[in-house]
Amino acid sequence: MRFVLALDQGTTSSRAIVFDHAGAIVALARRELPQVFPRPGWVEHDPEEIWRTQREAAEEALKTAGAAARDLAAIGITNQRETTVVWERATGRPIHHAIVWQDRRTADLCDRLRAEGLEPLIRERTGLEIDPYFSATKLAWILENVPGARARAEAGELAFGTVDTWLAWKLTGGAAGSVHVTDVSNASRTMLLDLRRLDWDDELLRLFRVPRTLLPEVCGSSEVYGRAGGGALSGVPVAAIAGDQQAALFGQMCLEPGLAKNTYGTGCFLLQNTGDAPVASRHRLLSTVGWRVGGRTAYALEGSVFIGGAVVQWIRDGLGLIRESSEIEALAAAVPDSGGVFFVPAFAGLGAPHWDPYARGAIVGLTRGTTGAHIARAAVESMAYQVSDLLDAVGNDSGIPLHELRVDGGAAANDALLQFQADLLGVPVVRPEVIETTALGAAYLAGLAVGFWESPEAIAGHGRASRRFAPRIERSEAERRIARWREAVERARRWVHPGEPG
């Protein structure tokens with residue numbers, strides 16, 4: 001068996017990557033995932049489209065690699081997290097569109113939970129903030145709003161899962177008898193898991209009125225859950241599950257406490273390994289499970305930015321300033337700076353450290369001299385500013401000084417972004433040769449489960465830096481820019497009033 005296949009199911013696309021024993025990419029295939037926006041602030045996916053696009057990407061990647069199922073040692077799954085799917089156990093048919101992690105429809109419910117004084121309990125038990133971001137309120141909404149859903153759930157007819165669970169179910173048959181599992185990293189994002197016991201919490205299940213029979217079994221991140229049940233992947237072990245950001249942390253070989261990575265994807269997600277115990281944040285970061293391998297659990301602190309690379313899609317689709325996302329770097333480089341323009345892309349509210357579901361996007365500092373290039377540059381810089389805010393909070397919580405930031409994700413190919421990021425942080429930003437570290441982490445976890453790789457230490461030497469970006473500006477100038485950015489953020493906050501549409 002020569003290869004491992006990683007299924008990387010993201011918010012805007014489904015990808016499949018074949019890796020060899022050296023951790024090199026042999027083949028990659030991608031399918032765009034249609035987005036559904038039923039109302040302002042609502043974001044959905046068709047679960048069948050998630051499965052179709054992921055299956056087609058896997059089949060194409062295998063064909064491109066000139067491989068068949070017998071050549072695969074294992075399949076690893078990594079996925080957009082928090083996105084919530086409910087389906088019929090007997091048929092595998094979803095009862096509603098998947099409610100995406102970006103969706104804000106449960107903001108009012110979150111307000112009520114805070115008003116009832118439940119924030120300390122939920123934060124202590126789960127490591128999370130009360131926010132529509134997480135799965136619990138999305139699941140509660142489906143049970144309350146889809147006709148007959150609650151009665152069917154209580155009768156044991158329905159199954160809930162995040163996207164990893166949905167894909168594992170479909171891979172292993174797609175109907176009764178399929179495996180119904182998740183891993184600790186994804187389970188820790190539902191707001192239903194006890195972060196220390198690593199099991200579903202009965203008090204939280206009662207609070208959200210979620211029947212335990214709906215829930216998948218919580219497993220480790222690197223073990224054989226079952227085998228693919230048909231098609232081009234038939235018989236291949238499904239041997240890893242990890243949420244996309246935790247998989248990227250593993251793929252970046254951030255295996256020791258203090259090591260940190262940032263993924264520039266649809267959102268920006270910064271994680272720092274905190275070792276074998278969760279760290280309680282004082283700055284509204286999330287304490288989350290990194291992974292569980294060989295009976296050992298690694299925890300992480302996480303800061304989540306809801307709109308990162310997605311701002312480039314908006315520049316393309318919303319404003320029509322570019323035809324392809326790859327054109328953003330050249331357009332932004334057409335001007336020496338943003339001309340005093342700051343772009344706060346709070347299209348889905350603000351994540352850490354603000355946690356403001358009522359914030360909305362704002363572009364400030366416009367003048368008659370502002371051009372599309374200035375707006376494009378401000379959009380690119382917005383990603384770096386948001387990551388800088390996260391790193392300030394992570395450093396204050398962990399007490400571990402940052403010596404370098406490892407980066408990945410689609411926007412990490414943008415040299416200007418990474419240089420600006422280094423300038424703001426005052427430490428080197430390191431881009432690896434393989435920036436597909438989310439998929440690589442899933443592949444590593446799957447390969448470890450079946451002995452394709454012997455140990456994490458055996459693969460630690462695979463990663464090599466393709467480029468290091470060193471800071472070029474004085475700290476005083478970086479701090480001045482950050483201060484102005486934070487003024488812009490304040491103008492975007494609390495824009496929508498509770499109860500208003502949008």
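Note that the structure is predicted; figures quoted are calculated from it, not measured.

Visitor: I'm lost on the overall build of the protein in this one. Help?
Guide: Helices and strands together make up the secondary structure of the protein, namely 16 helices and 23 strands. Here the protein has a C-alpha radius of gyration of 21 Å; the compact-globule value for 502 residues is 23 Å, and the two agree. By principal-axis analysis of the C-alpha atoms, the protein measures approximately 60 × 50 × 45 Å. For the protein, with 502 residues in total, the buried portion stands at 60%. In the protein, the proportion of contacts linking residues at least 24 apart, taken out of those at least 6 apart, comes to 72%. In the form shown here, the protein has an accessible surface area of approximately 18400 Å², with 50% of it arising from carbon and sulfur atoms.

Visitor: Sorry, what's going on with the sheet that holds strand β14 (residues 237–243) here?
Guide: With respect to topology, six strands assemble into an open sheet ordered β3-β2-β1-β5-β14-β13, the strand pairing being mixed. Edge positions in the sheet fall to β3 (25–32) and β13 (222–227), since each has one partner strand and no second. With strand direction ignored, the average angle separating the axes of adjacent strands in the sheet is 25 degrees. Its contacts with the sheet put helix α1 (residues 47–64) on β1 (3–9), β2 (13–19), β3 and β5 (72–79), and the angle it makes with β2 is roughly 30 degrees. Sitting on the sheet, helix α14 (residues 437–450) touches β1, β2, β5, β13 and β14, and the angle it makes with β5 is about 135 degrees.

Visitor: Even after reading the chapter, I still don't get the pattern of salt bridges, so can you show me in this structure?
Guide: Side chains carrying opposite charge are able to pair once their charged atoms draw close together. As enumerated under the stated definition, the model contains 47 salt bridges in all. One salt bridge in this structure joins E436 and R15, with 2.5 Å as the shortest N-O distance. Here the residue E436 occupies a position in the loop between β22 (429–432) and α14, and R15 occupies one in strand β2, the gap between them amounting to 421 residues. R15 shares its class with E436; the two are buried.

Visitor: Would you explain the nonpolar core in this entry?
Guide: The tendency in soluble globular proteins is for nonpolar side chains to be buried as a group. With 130 residues, the main nonpolar core has L192 and Y264 as its most contacted residues. With 13 residues, the single largest contributor to this core is helix α12 (residues 372–398). Listed in part, the 39 residues of the second largest apolar core include L5, A58, V236 and I241.

Visitor: I'm lost on the packing of α1 against helix α6 (residues 163–171) in this one. Help?
Guide: Helix packing for two helices is described by the angle between their axes and how far apart those axes are. Interaxial distance between α1 and α6 falls to 11 Å at its minimum, and their mutual angle equals 65 degrees. Crossing angle aside, the handedness with which α1 passes α6 is right-handed. Between α1 and α6, the residues in contact are P47, E48, I50, W51 and Q54 and V163, W166, L167, K170 and L171, respectively. Grouping the constituent residues of the contact of α1 with α6 by class yields seven nonpolar, one polar and two charged.

Visitor: Sorry if this is basic, but what is going on with helix α16 (residues 475–492) here?
Guide: One turn of an α-helix holds 3.6 residues; hence residues three or four places apart share an orientation. In this model, α16 (18 residues) spans 26 Å end to end at C-alpha, consistent with the 26 Å of a helix rising 1.5 Å per residue. Within the span of α16, buried status applies to A478, I482, W485, A488, V489 and A492. One side of α16 carries all its buried residues, which in axial view fall inside an arc of 115 degrees. Among the exposed residues of α16, those oriented more than 90 degrees off its buried face are S476 and R491. Where the residues of α16 are buried, they touch β19 (342–344), β20 (362–364), α12 and α13 (415–425). At the exit of α16 stands R494, carrying a positive phi of roughly 55 degrees.

Visitor: Looking at this structure, how should I read the pairing of β14?
Guide: The element β14 is extensively covered by neighbouring structure, given that seven of its seven residues are classed as buried. Sheet analysis places β5 next to β14, joined by five bridges and oriented parallel. Each bridged residue has a counterpart across the sheet, and for T78 the counterpart in β14 is A242. Pairing of β13 with β14, which is carried by three bridges, proceeds in the antiparallel orientation.

Visitor: So what exactly am I meant to see when it comes to the packing of α12 against α13 here?
Guide: The contact between α12 and α13 brings their axes to 9 Å, and the two run at 35 degrees. The two elements α12 and α13 cross, and the hand of that crossing is right-handed. In contact with V380, E381, M383, A384, Y385, V387, S388 and L391 of α12, α13 contributes L417, F420, Q421, L424 and L425. Among the residues making up the contact of α12 with α13, the classes are represented as ten nonpolar, two polar and one charged.

Visitor: Before we go on, may I ask you to explain the packing of aromatic side chains in this structure?
Guide: In this description, an aromatic ring pair is defined by two values, namely the gap between the centres and the angle between the planes. Inspection of every chain in the model, using the stated rule, returns 20 aromatic pairs. A centroid spacing of 5.5 Å and a plane angle of 65 degrees characterise the contact between W87 and W169, whose relative ring orientation is edge-to-face. Highlighted residues: W87 in strand β6 (residues 85–88) and W169 in helix α6, separated in sequence by 82 residues. Seen from their ring centres, F452 and W453 are 4.8 Å apart, and the 80 degrees between their planes marks the pair as edge-to-face. Each member of the pair F452 and W453 is classed as buried. Through successive ring pairs, a cluster of aromatic residues spans W101, Y133, F134, F269, F306 and W355. Across the ring face of W141, the terminal group of R105 is positioned such that the distance to the ring centre comes to 4.5 Å.

Visitor: Help me understand unusual backbone geometry in this model?
Guide: Across the chain, the bulk of peptide bonds are trans and the bulk of non-glycine residues have phi less than zero. Its identity as a non-glycine residue notwithstanding, M253 has a phi of 60 degrees, on the positive side. Looking at the secondary structure, you find M253 in the loop between α9 (244–251) and β15 (260–264). We note that R494 has phi near 55 degrees; this positive angle belongs to a residue other than glycine. Residue position: R494 is located in the segment after α16.

Cut-offs applied
- Residues numbered from 1 in each chain as written.
- Predicted model: local features only at pLDDT ≥ 70, side-chain atom pairs only at ≥ 80, totals over all residues.
- Heavy atoms only, no water.
- Helix = DSSP H or I, 4+ residues; strand = E, 2+ residues; numbered from the N terminus.
- Rg over C-alpha atoms; globule rule 2.2 N^0.38 Å.
- Buried < 20%, exposed > 50% of the residue type's maximum accessible area, 1.4 Å probe, protein only.
- Contact = heavy atoms within 4.5 Å.
- Areas by Shrake-Rupley, 256 points an atom, 1.4 Å probe, with all protein chains shown as cover.
- Pairing = 2+ DSSP bridges.
- Axes fitted to C-alpha atoms, helices over the stretch in contact; angles between N-to-C directions.
- Salt bridge = Lys/Arg side-chain N within 4 Å of Asp/Glu carboxyl O.
- Core = buried A, V, L, I, M, F, W, Y, C linked by side-chain atoms within 4.5 Å.
- Left-handed = near helix turned anticlockwise from the far one by under 90°.
- Nonpolar A, V, L, I, M, F, W, Y, C, P; charged D, E, K, R; others polar.
- Expected span 1.5 Å × (residues − 1).
- Arc of directions from axis to C-beta.
- Phe/Tyr/Trp six-rings, centres within 6.5 Å; stacked < 30°, edge-to-face > 60°.
- Lys NZ or Arg CZ within 6 Å of the ring centre and 35° of its normal.

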